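# Architecture and fold: a report
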Amino acid sequence: MEKGHNNTTTKRYGMVIDLDKCTGCGSCMVACMQENNVPFKKDETDKIKSITWLRVYKLNNGKPYPDTEICYLPRPCQHCSGVGDHGHSPCVSVCPATATDYGMDTGIVSQIYTRCFGCRYCMAACPYHVRYFNWWDPVWPKGMEKSLSPNVSVRMRGVVEKCSFCFHRYQLAMDRAFFEGRKEIEEHEYQTACTQACPSKSITFGDLNNPKHAVYELKQSPNAFRLLERLHTNTKVYYVSSKEWVRMAGDNYLKDEHKEMARAKG
Amino acid sequence: MSASEEKAKEVSAEAAGHGADTSKEQNTTGIVFIFFVVGLAASLLAGWIVFPKVLYSQKQQPFDFNHQSHMEMVDNGCQSCHFFREDGTFSGAPKLAQCIDCHEYVQGGSEDETIFVEQYVANYHEVPWLIYAKQPPCVFFSHAAHVNGAGMDCGTCHGDIGNSTSLPVYEYNVITSYSRNIWGKNIAGFKKNTWDRMKMDDCSECHQKNDVKQYSVQTEKGACFVCHK
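Residues numbered from 1 in each chain as written. Chains lettered and ligands numbered in written order. Predicted model: local features only at pLDDT ≥ 70, side-chain atom pairs only at ≥ 80, totals over all residues. Heavy atoms only, no water.

## Here's the deal with helix α4 (residues 167-179) of chain A
For the record, the criterion: By the criteria applied, helices consist of DSSP H or I runs no shorter than four residues and strands consist of E runs no shorter than two, each listed in order from the N terminus. The span expected for a helix works out to 1.5 Å for each residue beyond the first. Each residue gets one of three labels from its accessible area relative to the maximum for its type: buried under 20%, exposed over 50%, partly exposed in between, using a 1.4 Å probe on protein chains only. Contact definition: two residues touch when any of their heavy atoms are within 4.5 Å.
Compared with the 18 Å implied by 1.5 Å per residue over 13 residues, the 19 Å span of α4(A) between its first and last C-alpha is a close match. Across the 13 residues that make up α4(A), a large majority, 10, are buried. Among all positions in α4(A), only A:Phe167, A:His168, A:Arg169, A:Tyr170, A:Gln171, A:Ala173, A:Met174, A:Asp175, A:Ala177 and A:Phe178 are buried. Summarising the contacts, the buried residues of α4(A) are in contact with β1 (13-18), α1 (27-35) and α5 (193-197) of chain A together with α5 (143-149) and α9 (224-227) of chain B. Once α4(A) finishes, A:Gly181 follows within two positions and takes phi at roughly 80°, a positive value.

If you want it as structure tokens, here you go:
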């Protein structure tokens, strides 16, 4: 038998989202809900209780007309890897049940629903609000339970869930690779549902460590930034925007900090 | 009665009392011992025989199936019925499509075949096979990784079912509804063969031995997102 360890290069799956291209259409959110059996309620007006693994936020520059500018920002789980990629992301470090884990091989933060007992420490720890609590058992409209994906396990009430970068697609891609006698997968074989659903191609997904993957170049753009970088969460979701106010909105700067940071960032 | 007489009586009564005490003690020890033995036997009986009976319930497969006789008839070995699809997923329990070439009409005289042909083939109803190896819904298992990647035999995890002449009895846990094959037939959880059990520990044990994706930050063993979905 071959050893899995030695012939696998460490990957860091991540995203680069071009905010200049995002129109805020919400296709990614729909694709995500459908792909991952995300439960919903009849009345989704109370956003605090609704579950959105991927959520599109609407930002504005806070200026009055005619200087108002709008930017849409899709926010999946940021899959923090921490300083030096040690993998102790905010949520992983606080979970008392080992229900959330970090895989050193893929850089994906996992959530095992059957292990979770719903203490919600991880929700409190997450600076990005990517984690959601199931207040109720999912109720699917009649007949819809038949169209649920068997590749993603369905959650019950009392557990936390979040974006997995469609990890089941990685598993299926590996299945095919093994069948074809390979141990590595190509960039196009593992793509998240939101990436493929985006009509303006603003989301790019791949291995941030692999120079052959498109994200490798894209993340080095001078216009690239990450959310709350100053927390040293070392997230794997990069955003690109040509607008400075958008890049600044990625971190919680104080008013007078703005110019300083802008200078430091170049 | 004289005083001496009284004294003598007392003494004899005392002696008698004493004698009665010892024999009573012997009696109680005997009773305690018997109770202990009976209680132990009852507990063992309950734990080893009644408990598994209560915990596990049986279900009948729709009809019996003979692997051995079919292996003599098919051209392509196990793959005639259990094969990989082009995308690397495993077909699992066979569908009617794998049987229909031979079973459009009843061929032999067995009752099982008659049930199969009349109730399923004739109506194009897929057979609702009960899966002995079925894992809980949160588990991801890849046949390609083990059969193609690691070159393992079916028998390593399933035992000798491929050469069997009849399907085993299907048992499931009445609380979790999981197949008994996950925990194993032995109620104490002992295993002699690799296929006796297939709990998380059994997967992990082999994965640790073979250094399969031991990348978890939390446990420094197998990452949860290898076997879970």
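## Regarding the interface of chain B and chain A
Going by this rule: Reported buried area values correspond to the accessible surface (1.4 Å probe) lost by two parts on association, with both partners' losses combined. Each salt bridge in this description consists of a side-chain nitrogen of Lys or Arg and a carboxyl oxygen of Asp or Glu lying within 4 Å of one another.
The interface of chain B with chain A comprises 33 residues on the first partner and 40 residues on the second. Interface area for chain B against chain A, summed over the two sides, is near 3,100 Å², with a carbon-plus-sulfur share of 60%. Sorting the residues of chain B by area buried against chain A places B:Tyr215, B:Val217 and B:Phe225 first, and these three jointly supply 27% of that buried surface. If you look at where chain B meets chain A, you find 1 salt bridge. Between B:Lys213 and A:Asp105 there is a salt bridge whose closest N-O contact spans 3.9 Å.

## Some thoughts on the sheet that holds strand β9 (residues 224-225) of chain A
All names here are of chain A. The cut-off we apply is this: A strand pair is defined by DSSP finding two or more bridges across the two strands.
Ordered by their spatial adjacency, 4 strands build an open sheet running β8-β1-β10-β9, and the pairing between neighbours is mixed. The sheet is open, and its two borders are formed by β8 (203-207) and β9, each paired with just one other strand. Here β1 runs beside β8; their pairing, made up of 5 bridges, is antiparallel. Along β8, the bridge assignment pairs Val-16 with Thr-204.

## Some thoughts on the side chain of A:Arg131
Residue and element names in this part refer to chain A. Inclusion rule: Polar contacts, as counted here, are pairs of nitrogen or oxygen atoms within 3.5 Å of one another; within protein the pair requires one atom able to donate a hydrogen and one able to accept it, and residues that are adjacent in sequence qualify only if both atoms are side-chain atoms.
Along the polypeptide, Arg-131 turns up in the loop between α3 (121-125) and β6 (132-133). Within polar-contact distance, the side chain of Arg-131 engages the side chain of Thr-100 at 2.9 Å. Separated by 2.9 Å, the side chains of Arg-131 and Gln-111 make a polar contact. If we skip the residues at most four places from it in the chain, Arg-131 touches Cys-91, Thr-100, Val-109, Gln-111, Cys-122, Met-123, Cys-126, Val-160, Glu-161 and Lys-162.

## Overview of the layout of surface pockets
All names here are of chain A. The following threshold applies: Cavity and pocket criteria rest on a 1 Å grid covering protein atoms alone: a 1.4 Å probe that fits but cannot get out defines a cavity, protein on both sides within 12 Å along at least 5 of 7 lines defines an open pocket, and an atom within 4 Å of a point defines a lining residue. Grid points are joined across faces, edges and corners, and a volume is the space filled by probe spheres set on the points. By the convention adopted, Pro, Cys, Tyr, Trp, Phe, Met, Ile, Leu, Val and Ala count as nonpolar, Lys, Arg, Asp and Glu as charged, and the other residues, Gly among them, as polar.
Of the voids in this model, the second largest pocket is the one considered here, and its volume is about 420 Å³. Lining the second largest pocket we find 18 residues, and of these Leu-227, Leu-228, Ala-249, Gly-250 and Asn-252 sit closest to its centre. When its residues are assigned to classes, the lining of the second largest pocket shows 11 nonpolar, 4 polar and 3 charged.

## Digging into α1(A)
Residues and elements named next belong to chain A. Put simply, the rule is: Taken from the helix axis, the directions to the C-beta atoms give the arc we talk about.
Within the sequence span of α1, burial applies to Cys-28, Ala-31, Cys-32 and Glu-35. Projected onto a plane normal to the axis of α1, the buried residues spread over an arc of 100° and lie on a single side. Along α1, the residues that are exposed and aim more than 90 degrees away from the buried face are Val-30 and Gln-34. Check the buried side of α1 and you find it contacts β2 (55-60), α4, α5 and β8. In the segment just after α1, Asn-37 is the residue with positive phi, at about 50°.

## Remarks on the nonpolar core
Keep this limit in mind: Put simply, buried Ala, Val, Leu, Ile, Met, Phe, Trp, Tyr and Cys residues joined by side-chain atoms within 4.5 Å make one nonpolar core.
Of all hydrophobic cores here, the largest spans 61 residues; its most connected members are A:Tyr13, A:Met15, A:Leu19, A:Phe165, A:Ile185, A:Tyr190 and A:Tyr239. The dominant element in this core, judged by the number of residues it contributes, is α4(A), at 6 residues. Each residue touching A:Leu19, except ones within four places of it in the same chain, is listed here: A:Cys71, A:Tyr72, A:Leu73, A:Pro74, A:Phe225, A:Tyr239, A:Val240, A:Ser241 and A:Val246. Listed in part, the 8 residues of the second largest apolar core include B:Leu96, B:Cys99, B:Val117 and B:Val127.

## Re the environment of A:Trp140
All names here are of chain A. By the secondary structure assignment, Trp-140 is in the loop between β6 and β7 (160-161). Considered as a pair, Trp-140 and Gln-78 are 62 residues apart in the sequence and their alpha carbons are 28 Å apart. Once residues within four sequence positions are removed from consideration, Trp-140 is found in contact with Asn-37, Val-38, Pro-39, Phe-40, Glu-145, Leu-148 and Val-154.

## Side note on the packing of aromatic side chains
Stated formally: Here is the rule: rings of Phe, Tyr and Trp (six-membered ring for Trp) pair when centre to centre is within 6.5 Å. Planes less than 30 degrees apart are stacked, more than 60 are edge-to-face, and the remainder are tilted. As a reminder, the over-ring test applies to NZ of lysine and CZ of arginine, requiring each to be within 6 Å of the ring centre and within 35 degrees of the ring normal.
Taken as a whole and judged by the stated rule, the model has 19 aromatic pairs over all chains. When the ring of B:Tyr170 is compared with that of B:Tyr172, the centres are 6.4 Å apart and the planes differ by 25°; the resulting orientation is stacked. Counting every residue linked through ring pairs, the aromatic cluster contains A:Tyr13, A:Phe165, A:Phe167, A:Tyr170, A:Tyr190, A:Phe205 and B:Phe225. One cation-aromatic arrangement involves B:Arg180 over B:Tyr56; the distance from NZ or CZ to the ring centre is 4.2 Å.

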